[in-house]
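Close look at the chain arrangement
Read off the chains here:
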Amino acid sequence: MQPQFEVRAPMGTLDRRPARASTWPALHIDRWRETYRTLHLYAQIVGKIKLALTPKTNQWWNVPFEVSTRGLRTGPMPQPGSNGERTFEMAFDFIRHEVDISDCDGRLRTLALVPALPVADFYRELNRILVGLGIEVAIRQTPCDIPMTTPFSRDAEHRTYLPDDAAALFQVLRRVASVLEIFRARFRGKCSPVQFFWGQFDLAVTRFNGWRIPSPSGSRVLRDRYDEESIAFGFWPGDAWGSSDERTLDAVFYSHTVPEPAGLTKYPVDVGGAYFDENRREFLLPYERVRSAPDPAHMILQFAEGTYDAGASLAGWNREELAYP
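The structure reproduced in this document is the subject of the present report. (Residues numbered from 1 in each chain as written. Predicted model: local features only at pLDDT ≥ 70, side-chain atom pairs only at ≥ 80, totals over all residues. Heavy atoms only, no water.)

1. With respect to the environment of Gln-200
- Relative to the elements of secondary structure, Gln-200 occurs in the loop between strand S7 (195–197) and strand S8 (202–212).
- In this structure the C-alpha to C-alpha distance between Gln-200 and Gln-44, which are 156 residues apart in sequence, comes to 9.4 Å.
- Apart from the residues within four sequence positions on either side, Gln-200 is in contact with His-40, Asp-145 and Trp-236. (Helix = DSSP H or I, 4+ residues; strand = E, 2+ residues; numbered from the N terminus. Contact = heavy atoms within 4.5 Å.)

Structure, rendered in structure tokens:
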């Protein structure tokens, strides 16, 4: 009998068949703002637990979540007091709409994400489950990167969780993450994983050229995150907290170069209505333009490559040496 082989497409390629625009859901901020806010706060609680338990790495790569096949996951974390002998992880499942807490002994606990679960109740119930597994973690309860200071344990205001809204976000994140992995694979130099940052609620990948720069003033997070020349590219589902101008209210793709080289604002990036935002100091491409395109994934890659070309060329990066064929 002849052996049977499975024929696979080469890694790092895209299926060139045009994607139907309807497969990329709408993310108009006015329609899902309340779910966004509540989910953002849930994510910050889980994220702060990961921050408290994992050893710090460069550019804070230990802090973000990973996009999984069902939602977002922390990855393994050491259980406090175990000297690394025991691990556990937490994951947002946006298919079953729950948070899963699993440990190295095979124990699994779930916290259902229901339509009227206040942030305070989420915080208390999550801690109750963790304590039941022998895991006790103290975190700073004040939200970060958003204009709100109510401690998690006292937040009864944010309580809206509509499953369809969370599912739509996940359907976008999983598609975008796949495209960012291709973009990441084309670079030989230092490059971050594709990561979901729960602070500002964005999915990003960052390329570095290996050159250190003076750390910016400000918080320790900013000082450590921007101490090397870098070009970041990512997806932000919009401004749920009212801290941006009207043009960037809805979901966007973005790209910024640190430090910003002269001439970047005028560099032509002719992709789907992309533009340089003078206030945010970065290129933006509206998500709505992408989802309505004949091939959304191809447009995302065009934007990523075009804005990388802009920043790397003007900043004098050795693009040929850094490229991975």
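Past the structure itself, the notes keep going.
2. Here we look at the packing of aromatic side chains
- Going through the model one piece at a time under the given rule, you end up with 18 aromatic pairs.
- For the ring pair Phe-65 and Phe-92, a centre distance of 6.3 Å and an interplane angle of 45 degrees mean the geometry is tilted. Here Phe-65, found in the loop between helix H1 (29–53) and strand S1 (66–67), pairs with Phe-92, found in strand S4 (residues 87–93); they are 27 residues apart in sequence, far enough to count as distant. Across this residue pair, the class does not change: Phe-65 and Phe-92 are buried.
- Ring geometry for Phe-196 and Phe-201: centres 4.9 Å apart, planes at 80 degrees, overall edge-to-face. The two residues Phe-196 and Phe-201 agree in class, both being buried.
- Within the aromatic cluster, the residues linked to one another by ring pairs are Phe-183, Phe-233, Phe-235, Phe-253, Tyr-287 and Phe-303.
- Positioned above the aromatic ring of Trp-24 is the side chain of Arg-175, whose terminal nitrogen or guanidinium carbon lies 5.9 Å from the ring centre.
- Directly above the ring of Tyr-308 sits Arg-207, whose terminal nitrogen or CZ lies 4.5 Å from the centroid. (Phe/Tyr/Trp six-rings, centres within 6.5 Å; stacked < 30°, edge-to-face > 60°. Buried < 20%, exposed > 50% of the residue type's maximum accessible area, 1.4 Å probe, protein only. Lys NZ or Arg CZ within 6 Å of the ring centre and 35° of its normal.)

3. Remarks on the sheet that holds strand S10 (residues 252–258)
- Taken in spatial order, the six strands of this open sheet run S7-S8-S9-S10-S12-S11, and their pairing is antiparallel. Looking at strand neighbours, the two that pair on one side only are S7 and strand S11 (275–277), the edges of this open sheet. Between one strand axis and the next, the sheet turns by 30 degrees as a mean value, whatever way the strands run.
- In the sheet, S7 pairs with S8 via three bridges, with the strands oriented antiparallel. Its bridge partner lying in S8, Phe-197 is registered against Asp-202.
- Its contacts with the sheet put helix H6 (residues 296–315) on S8, strand S9 (228–236), S10 and strand S12 (282–286), and the angle it makes with S9 is roughly 160 degrees. (Pairing = 2+ DSSP bridges. Axes fitted to C-alpha atoms, helices over the stretch in contact; angles between N-to-C directions.)

4. Looking at the pairing of strand S6 (residues 108–112)
- Across five bridges, strand S5 (residues 98–103) lies against S6 in antiparallel orientation. Counted as the bridge partner of Asp-100 is Thr-110 from S6.

5. Overview of unusual backbone geometry
- Cis geometry is found at the peptide bond from Val-258 to Pro-259, where omega equals -10 degrees.
- With respect to the element layout, Pro-259 can be found in the loop between S10 and S11.
- One non-glycine residue, His-97, lies in positive phi territory at about 60 degrees.
- For His-97, a relative accessible area of 15% corresponds to the buried category.

Everything listed here is a matter of coordinates, which is why it stays silent on function.
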